[in-house]
Amino acid sequence: MKKLPPIRQIFDVVIHINVNFCAVKDVEGRIIEELGFSKSSRGEADEFLRSQNFLIFLDNFNQWECSYRLGNGWWNSDKTQKIALINTELDKEMHVDLAIWREDHFCACVECASRAIGFLPTSHTEDRILLNGLAFVLGHLGSANYKCVKYCASYLEMEGTHKVDLLERWMKEGLIGTLDEGAQIVQQLVNAVLLESFQNGESIRMLDEIRKELMNFYKGEMNPVQLVELDERGLMEAWEEANEMYLMNNKISKLPNNPNCPLLRPLFLQGNHHLRVISPFFYQCMPILQIQDLSQTKIKSLPQSLFKLVHLQKFLLRSCELVKELPGEVGELCHLLVLDLEETEIIDLPVTIGKLTNLTNLKVSFYLPANGNRKNNPSSRIIPQNVISRLVQLEELSIDVNPEDGRWNETIKDVLKEVCCLNRLHFLELHLPIAFLLNDLRNLSWMHFKFIVGNHLKRIISRPLHESAIKFEEQESSLKCVNGRGILTEIKEVVMHATAFFLVRHLTATSLSEFGVKTMENLKFCVLQECNEIEALANANDADDGDVILQSLEYLSVHYMKNLRSIWKGQSLRRSSLFFLKVLKLYSCPQLTTIFTWDLVGNLNLEELVVEDCQEINSFVLLTDEPSCWICYLPKLKKMSLHYMPKLVNVFGDEQAAPSLERVSFYDCPSLKILSSEEVKSSTLKVVTGEAAEWWSALKWNRSKGL
């Protein structure tokens, strides 16, 4: 807000200071220092402020009862002088010149603030009020939030999109690192009224009026860089003087033919979706270029001048879906450290890749047309023999293949042998058609890995499963096993070193614990999908007496398990079993009638519980069990979603549970007609989401047994 032209026109001095936990005297000292005066020059500072029109924002001011003492020697009735207190906890009944509460709806808040300060006439249009409000809110956003808002203003569809899809796009753009980080940012932006959630929080959109004003606010930053419209002299100067060029996420469709860039080191062009062709001479006069990012552009081929960049260290072509061939001249980039070809449609690697002996990071995705046409691709190998073994400095290697590409079967054995010769390698991502090939890998204990084992087809998956799959990709070391049969020793040995396990359509397993109790001591993340023989997730009969089962597991997501009947089977569980489980999600398990026993639920520290389309569940807890009157169950549960459960009649009955609950969502639970006050007793409860008004009006509330 302090940078807005109307404020700058009225006030000579505008400063913004965070004064959290500062006494009034210290606040004045901070203001004086911000103005460039020393504390010993207090008299000089007072005289200066008396002569100025000033606006001072004090963020997190918490000494409101002493606010009248602020700046007693500064005031001059002939000047426009304001101090604005910004806080979340001020007493709104107190009398101050101007106070801004962040939790208020920002439009109303800043309208009031604008008029009180005096820079906005009462006749000013509502659009300017909104712009001022946005400026205020954006000024308090962190860097990551700011970039995410800008992305939404530029690229988010008018009708909105599913939240998971938006988060995945943010991750690809490098705006966030994990889904959880992105979900927090989305919630913050929703709270700030910059985004709006709908469809029970599953989708996100931006209101048209917000988008319009954001586009005005970002106008200087967001207008596409029209390099081709500069006059010749301006164009020459722009490139000649540049040490670095950041032209990403624009609408550039054409680059200069042969710019002279003697000083240029990094050139970022990623996200220019209109860029299709680069002049053959474009890189000819960039003698010291070190970084080139062309990710997410529409280029089809690489100019010859690129391969003369002998100082190039990082070359990124990520998500360039029209690139089908990597020229052999790539081997001339002798100082290359990073080569990223993920999500391209490259058919194979040239043998000259082996000349890149300084390469530390290689990521590549291979593509084969559905018809497998060999006329245009006579090679029977994706990677030439003895190429990987020559990359002796390699630290990270990621190879993604089309599951139907038979050439990989002819290549993988040699790749595995060559990988074992790379002493610096600490991350490996591979698809292995059969589990037996895992025997060729060694020293997994000191390596992060992502392995897919088994023949699988890429196919459309449901949105909840899509979210779990994205989270799975975030894990340190993971194994995805597809269409397996039997409990193979090779799989168990890899699971022993994995932090994440994704089991898809296993044909014979009857429980997760069959893979070995001790095998899964380090397992933190697990997804199960369409394993139709599994009847219980954990079976105590698979363990020896005293064994702790799934002791490190934090996240468990279960999808389309048609014979699943219980979470736990067998004798009472040991105290530490499932103790660290934070997230439990159950989708489409038609035989599941209850989720917990009181013994099991008393051992859990869940923070999130999602149950969806489990149509036989009538109660969360087995009603024949006797609960303990001394236990408050699920003490850390914060979020609970119950959807499409037609037979559900109660959640926890009258038992004390979930005292930390913050959000509850019910949808299509027609038999749930009574809720106990104990079930939603949490003092931290913020949101209860139901469906139609008829369900809410028919809902009855039982008072707890103690009332």
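The structure this text deals with has already been given above.
Summarised in this report is the structure supplied together with it. (Residues numbered from 1 in each chain as written. Predicted model: local features only at pLDDT ≥ 70, side-chain atom pairs only at ≥ 80, totals over all residues. Heavy atoms only, no water.)

## A few points about the pairing of strand E25 (residues 639-643)
Looking along a regular strand, one sees the side chains alternate between the two faces of the sheet.
Reasoning step 1: Across the five residues of E25, four count as buried, placing the element largely inside the fold.
Reasoning step 2: By the bridge criterion, five bridges tie strand E24 (residues 608-612) to E25 in an arrangement that is parallel. Paired with Val611 across the bridge in E25 is Leu642.
Reasoning step 3: Examined bridge by bridge, E25 and strand E26 (residues 663-667) share five bridges and lie parallel to one another. Pairing of Lys639 across the sheet is with Arg663, part of E26. (Buried < 20%, exposed > 50% of the residue type's maximum accessible area, 1.4 Å probe, protein only. Helix = DSSP H or I, 4+ residues; strand = E, 2+ residues; numbered from the N terminus. Pairing = 2+ DSSP bridges.)

## What about the packing of aromatic side chains?
Reasoning step 1: Within the structure shown, the criterion is met by 14 aromatic pairs.
Reasoning step 2: With a centroid separation of 5.7 Å and an interplanar angle of 50°, the aromatic rings of Phe37 and Phe48 are classed as tilted. In this pair, Phe37 is assigned in the loop between helix H2 (24-34) and helix H3 (42-50) and Phe48 in helix H3, connecting sequence segments eleven residues apart.
Reasoning step 3: Through a chain of ring-to-ring contacts, three or more aromatic side chains come together here, namely Phe472, Phe502, Phe525 and Tyr555. (Phe/Tyr/Trp six-rings, centres within 6.5 Å; stacked < 30°, edge-to-face > 60°.)

## What about the nonpolar core?
Reasoning step 1: Ranked by size, the top nonpolar core spans 138 residues in total, and within it Phe451, Phe596 and Phe620 carry the most contacts.
Reasoning step 2: The biggest single contributor to this core is helix H12 (residues 407-419), with five residues.
Reasoning step 3: In this structure, Phe451 is in contact with Leu428, Leu430, Leu432, Leu438, Leu441, Leu444, Ser478, Leu479, Lys480 and Val494, ignoring residues within four places of it in sequence.
Reasoning step 4: Of all hydrophobic cores here, the second largest spans 27 residues; its members include Val149, Ile176, Leu189 and Ala192. (Core = buried A, V, L, I, M, F, W, Y, C linked by side-chain atoms within 4.5 Å. Contact = heavy atoms within 4.5 Å.)

## Digging into the sheet that holds strand E7 (residues 203-205)
Reasoning step 1: Spatially, E5-E7-E6 is the arrangement adopted by the three strands of the open sheet, whose pairing is antiparallel. Two strands lie at the open edges of the sheet, namely strand E5 (161-162) and strand E6 (196-198), each paired on one side alone.
Reasoning step 2: Bridge count for E5 against E7 is two bridges, and the pairing is antiparallel. Residue pairing for E7: His162 is matched across the bridge by Ser203.

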